[in-house]
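Reading the structure
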Amino acid sequence: MVRSEMGGTARGAGRSGAQHAMAVNETVLAFVLGGSAPGAAGGVGTVRSWSTETEFLLPGGRRKVRPDGVWQAPEIGVPVLMVEVDRVTMAPADVAAKFPRYRELFRTRVRDNDPALADREPADRTVHWWRRTWPGHTRAGYPPVALVVTDAGPVALANRQEAVGELSAECWRGRWCREVRDDNDDGWREYDDAVPIVATTLELLAARGPLGPIWWRFGRSGRHCLIEALEDPNNRAAYDLRQAAREDEEHKAHQELMDSLVCIDCGDVPEEESTWEYGRQGQVEWTRRPGGRCWPCHQDREERLEREAEEQLEAARTANALLRPCWTCRGSIGGKEGSKLELREKASPDRLECPQCEQDRAIKDLGALVLPAPTKREQVAALVSAPDDPWWEERVLHAKLYPVRGRRV
Ligand SMILES: [Zn+2]
Ligand SMILES: [Zn+2]
């Protein structure tokens, strides 16, 4: 068996042993009687809730764990609490060295004869022995251990708790875990293989009682009442809360961005900033912009603009076909249909050449187009009746603007 009673054998010897026994007795009394300070929390249980002469054999049967007290208070949700009373007589490292032994003890498993587990592998048919011994444990991790320090000044005692905490961190800290998918450094601790350790001074315990806000849980800040101190710090639940808050924040920021990308035509708010869409040019990545449009509205608009341009072009073609032709090529004054330079609007009335002929003239550096001056004969005929020449007005004008000398003909 793991557990064995020592019977009536007193621990330690001589004066120091007696002082230690006294400190343990005062600790037990403080738990039972509660705080002596006005308004302090009352005690819990009776002296029978305690066993102070217990030792546990570690696997192998040679080393032992000997708590100063084993407290059972299932009525307040603490099936068992191991208590170590420290009178500042040993080095902090020696006190800290007790905790790995507690963990080793708590790791011990025994055969579980629960018939419900009969068809499991033998290795799965085991249970932590302490769960059997003190049933009702509900928290993650092992049963808690309390360190009660005394017999030194307040500063020395505070430093001592800190030092022991640091030196035993491996036992109580828990396993650091994180989700790889999260792009932050946050995570949580798993306590399945951790010993929760709480510490206080005997003076505080005697003044405020075991349920007073006197316990410093290693790995946390501040002092709490016992039940609160036994709650695991920075666990998965706390992480989940932080993660949910972060996700809310991200969702909000995303929604604000999406709201800013509302389509100005139909009011559609996108779910994503960019999407892949199929258009006439195949697959395209459509990125929403503030003051821009959704893909369907964008396409509608493109089609409408195209249709309008087409209609405008048709109207221009019809109008230009009714005007006089290009002087040079005798084609439509609007230019060749479908050509790059074709006019998309009605040509101005003084235009003489189609855009192509005009461009060719500029490239060949031919100078301004000068129409042939009216002949004498034409001038005489014009006096009788209006000439049947759509360029007549311009020819008369050019004759005035460009005197015969220097005319390029
Ligand atoms: Zn839209
Ligand atoms: Zn032309």
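Residues numbered from 1 in each chain as written. Chains lettered and ligands numbered in written order. Predicted model: local features only at pLDDT ≥ 70, side-chain atom pairs only at ≥ 80, totals over all residues.

1. Details of the overall build of the chain
Defined as follows: Here a strand is any run of E in DSSP of at least two residues, a helix any run of H or I of at least four, and the numbering for each starts at the N terminus. As a reference, a globule follows 2.2 Å times the number of residues to the power 0.38, and the radius of gyration itself is taken over C-alpha atoms. Exposure in this text rests on C-beta crowding, where 20 or more other C-beta atoms within 10 Å of a residue's own make it buried, 12 or fewer make it exposed, and counts in between make it partly exposed. The C-beta atoms are placed from the backbone. Once C-beta atoms are placed from the backbone, any two residues with those atoms within 7 Å are in contact.
Counting secondary structure elements, the chain contains 13 helices and 15 strands. Computed over C-alpha atoms, the radius of gyration of the chain comes to 49 Å, more than 25% over the 22 Å expected from 2.2 N^0.38 for 409 residues, which places it beyond the range of a compact globule. Taking the principal axes of its C-alpha atoms as reference, the chain extends roughly 150 × 55 × 40 Å. Burial status across the chain gives 23% buried among its 409 residues. Put simply, of all contacts in the chain between residues at least 6 apart along the chain, 54% involve residues at least 24 apart.

2. Remarks on the sheet that holds strand 9 (residues 145–149)
Rules: A pair of strands is treated as paired once DSSP finds two or more bridges between them.
On the basis of which strands lie adjacent, the open sheet formed by 6 strands has the order 2-5-6-9-12-13 and mixed pairing. The sheet is open, and its two edges are formed by strand 2 (50–51) and strand 13 (216–217), each paired on a single side. In this structure, strand 5 (residues 69–73) lies alongside strand 6 (residues 78–86), joined through 4 bridges in antiparallel fashion. Considered in strand 6, the bridge of Trp 71 is made with Leu 81.

3. Thoughts on the pairing of strand 14 (residues 274–279)
Counting buried residues in strand 14 gives 0 out of 6 residues, a small share hidden from the surface. Across 6 bridges, strand 14 lies against strand 15 (residues 282–287) in antiparallel orientation. Among the inter-strand pairings, Tyr 278 is bridged to a residue of strand 15, identified as Gln 283. Between strand 14 and strand 15, which pair antiparallel one after the other, the connecting turn spans 2 residues.

4. Here's the deal with the domain arrangement of the chain
Spelled out, the test is: The domain boundaries here were taken from an automatic or database domain assignment.
Segmenting the chain into domains produces domain 1 (3–240), domain 2 (251–298) and domain 3 (370–409). Domain 1 and domain 3 are separated by 119 Å when their C-alpha centres are compared.

5. Things to note about the nonpolar core
As a reminder of what qualifies: A set of buried Ala, Val, Leu, Ile, Met, Phe, Trp, Tyr and Cys residues, joined to one another through C-beta atoms within 7 Å, is what we call a nonpolar core.
By size, the foremost hydrophobic cluster in this structure holds 50 residues, and its most contacted members are Tyr 102, Val 145, Leu 147, Val 148, Val 195, Ile 197 and Val 198. Sequence-distant contacts of Val 198, defined by excluding residues within four places in its chain, comprise Pro 144, Ala 146, Trp 215, Trp 216, Arg 217, Leu 226 and Ala 229. Counting 6 residues, the second largest nonpolar core, distinct from the first, contains Cys 326, Leu 343, Ala 347 and Cys 354.

6. Things to note about helix 10 (residues 295–322)
Residues that lie three or four places apart on an α-helix share one face, since the helix turns once every 3.6 residues. Here is the rule we go by: A helix's residues, less one, multiplied by 1.5 Å, set its expected span.
Taking 1.5 Å as the rise per residue, helix 10 with 28 residues should run 40 Å; its terminal C-alpha atoms sit 41 Å apart, in good agreement. In terms of burial, helix 10 is largely open, as just 1 of its 28 residues are buried.

7. Observations regarding unusual backbone geometry
When glycine is set aside, most residues are seen to have a negative phi, and most peptide bonds are trans. Backbone geometry at Asp 151 places phi at a positive 70°, although glycine is not the residue there. Tracing the backbone through its elements, the reader meets Asp 151 in the loop between strand 9 and helix 5 (154–167). Asp 151 sits in the partly exposed class, given 17 other C-beta atoms within 10 Å. Here Asn 234, not a glycine, exhibits a phi torsion of approximately 50°, which is positive. By the element assignment, Asn 234 lies in the loop between helix 8 (226–230) and helix 9 (236–260). For Asn 234, a count of 18 C-beta atoms within 10 Å gives the class partly exposed.

8. Here's the deal with the pairing of strand 12 (residues 197–201)
The buried fraction of strand 12 amounts to 5 of the 5 residues, a majority that puts the element mostly inside the structure. Residues of strand 12 alternate between two faces, with Ile 197, Ala 199 and Thr 201 on one and Val 198 and Thr 200 on the opposite face, all of them buried. In terms of strand pairing, strand 9 meets strand 12 through 5 bridges, oriented parallel. Following the sheet pairing, Ala 146 is matched in strand 12 by Val 198. Note that strand 12 and strand 13 share 2 bridges and pair antiparallel. Bridge pairing links Val 198 to Arg 217 in strand 13.

9. Some remarks on the environment of Arg 344
Secondary-structure assignment places Arg 344 in the loop between helix 10 and helix 11 (355–363). Using a count of 14 C-beta atoms within 10 Å as the deciding quantity, one classes Arg 344 as partly exposed. Taking the C-alpha atoms as reference, Arg 344 lies 8.9 Å from Glu 310; in sequence the two are 34 residues apart.

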